[in-house]
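# Commentary on secondary and tertiary structure
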Amino acid sequence: MSAPGDLTPSTLERIRHDLVGLKMPRALEALDQVVRRLEHGEIGALEAIDMLLAEELTLRENSRIKTALRMGRLATIKTLSGFDFSFQPSLDRDRILTLAQLGFIGRCEVVHFLGPPGTGKSHLAIALGVEAVKAGRSVYFCTLADLLGQLARAEREGRLTERIRFFCRPALLIVDEIGYLPVVPGGGNLFFQLVNARYERGAMVLTSNRGFAEWGEVFGDPVVATALLDRLLHHALVIQIEGSSYRLRQHADLMPEHVRSKATITPPTPAPLRRPRGRPPKNDHITATT
Ligand code: ADP
Ligand code: MG
């Protein structure tokens, strides 16, 4: 091993040249400072190598994560550390932290976040997506309306199979906002084709402000809803948030009682789907937008 004194200008020049050739811009940037510390005897040669490599690796890792978040359409970044669990006591923090270890992705499970608007469903879904991206898993985020729009367009253009294959590629597909907007005719069918294609092959995180019993109305077709839920509840975790809106927390005194109160959602039993059509939904007051 060479002594620090061996770092002659020509050796340094060669290292600089090599770092450029190896496309290691961050290590190149840090080189002078690392050499200075080496010369002052603050660090040893091995530590100097370690520091340069760590700098470069951090840069690469950050840019990989940035690209993966952009490709996965995770534009608004939400994190688990930014989630205030004390605001939602109905949520089991440990359960969420276990989910963040991402075992559900390997097991190709479906995670459902159910709850009224503003209770953190999208936040938690995105936070799990961000964790997955950090862990090197591929993720794609979309709203149901966006997903159905893309599938409907692909169908019109004769590219449906290709588009379904696209949505099958990510290890984790997040579909946000099931139930906020009415599903266009044929939309349930398209969603079923995708869900069926991903079934037991890829994990999903779904968020909805409507109970499963209402999916017949959400998708405008109880038969399709039953078939969807059959797949989506098979290897599934259902996380129900029964709380008030975080968005409205500073204005709680201005809100009408039915919005302020802890709205709940019909429990996850597919059976009520068979109830006669036309009966008013149990939670029809939960119609606010996100
Ligand atoms: P939902 O999807 O259930 O309608 P969101 O996840 O979009 O609600 O939450 C609404 C806003 O409030 C977002 O900006 C989100 O980051 C924030 N938020 C919600 N719940 C919490 C919480 N418990 N801690 C911190 N921020 C929260
Ligand atoms: Mg939302």
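Reference entry: report on the structure contained in this document. Computed from a prediction, not measured in an experiment: that's the story for all the values here.

## Some words on the packing of helix H8 (residues 160-168) against helix H9 (residues 187-198)
Between H8 and H9, the shortest axis-to-axis distance is 10 Å and the interhelical angle comes to 50°. On the basis of their axis angle, the class for H8 and H9 is oblique. Where H8 crosses over H9, the handedness of that crossing is right-handed. Contact with H8, carried on its side by Leu-160, Ile-164, Phe-167 and Cys-168, involves Leu-190, Gln-193, Leu-194, Ala-197 and Arg-198 of H9 and no other residues of that element.

## Structural notes on the pattern of salt bridges
Per the counting criterion, the structure on display carries 13 salt bridges. The partner of Glu-109 in a salt bridge is Arg-107, with the nearest N and O atoms 2.9 Å apart. For the salt bridge of Arg-159 with Glu-157, the shortest nitrogen-to-oxygen distance reads 2.5 Å. We classify Glu-157 as partly exposed; its relative accessible area is 47%. Sharing partners across several salt bridges, the network here consists of Glu-13, Arg-16 and Asp-32.

## Regarding the packing of aromatic side chains
Following the criterion strictly, the structure yields eight aromatic pairs and no others. Their ring planes at 5° and their centres at 5.8 Å tell us that Phe-191 and Phe-219 sit as a pair that is stacked. Of the two residues, Phe-191 sits in helix H9 while Phe-219 sits in the loop between helix H10 (215-218) and helix H11 (222-232), which places them 28 residues apart along the sequence. For Phe-191, a relative accessible area of 0% corresponds to the buried category. Classification of Phe-219 by relative accessible area gives buried; the value is 5%. With centroids separated by 5.5 Å and ring planes inclined at 50°, the aromatic side chains of Trp-215 and Phe-219 adopt a geometry described as tilted. We classify Trp-215 as buried; its relative accessible area is 0%. Through successive ring pairs, a cluster of aromatic residues spans Phe-191, Phe-212, Trp-215 and Phe-219. Over the ring of Phe-166 we find Arg-163, and its NZ or CZ is 4.0 Å from the ring centre.

## Section: the pairing of strand S1 (residues 110-114)
Each regular strand carries side chains that alternate between the two faces of the sheet. With five of five residues buried, S1 is to be regarded as a mostly interior element. Here S1 shows two buried faces, one formed by Val-110, His-112 and Leu-114 and the other by Val-111 and Phe-113. Two strands pair when backbone bridges link them, and S1 and strand S4 (residues 203-208) are joined in this way by five bridges, in the parallel orientation. Across the sheet, Val-110 pairs through a bridge with Met-204, a residue of S4.

## Overview of the pairing of strand S3 (residues 172-178)
For S3, a buried count of six out of seven residues is recorded, marking the element as mostly surrounded by other parts of the structure. In terms of strand pairing, strand S2 (residues 139-143) meets S3 through five bridges, oriented parallel. Along S3, the bridge assignment pairs Phe-141 with Ile-174. Bridging between S3 and S4 involves five bridges; their strand directions are parallel. Looking at the pairing, Leu-172 lines up with Ala-203 of S4.

What counts and what doesn't
Residues numbered from 1 in each chain as written. Chains lettered and ligands numbered in written order. Predicted model: local features only at pLDDT ≥ 70, side-chain atom pairs only at ≥ 80, totals over all residues. Heavy atoms only, no water. Axes fitted to C-alpha atoms, helices over the stretch in contact; angles between N-to-C directions. Helix = DSSP H or I, 4+ residues; strand = E, 2+ residues; numbered from the N terminus. Parallel < 35°, antiparallel > 145°, perpendicular 65-115°, else oblique. Left-handed = near helix turned anticlockwise from the far one by under 90°. Contact = heavy atoms within 4.5 Å. Salt bridge = Lys/Arg side-chain N within 4 Å of Asp/Glu carboxyl O. Buried < 20%, exposed > 50% of the residue type's maximum accessible area, 1.4 Å probe, protein only. Phe/Tyr/Trp six-rings, centres within 6.5 Å; stacked < 30°, edge-to-face > 60°. Lys NZ or Arg CZ within 6 Å of the ring centre and 35° of its normal. Pairing = 2+ DSSP bridges.

Note that all results are geometric; they support no functional claim without further evidence.
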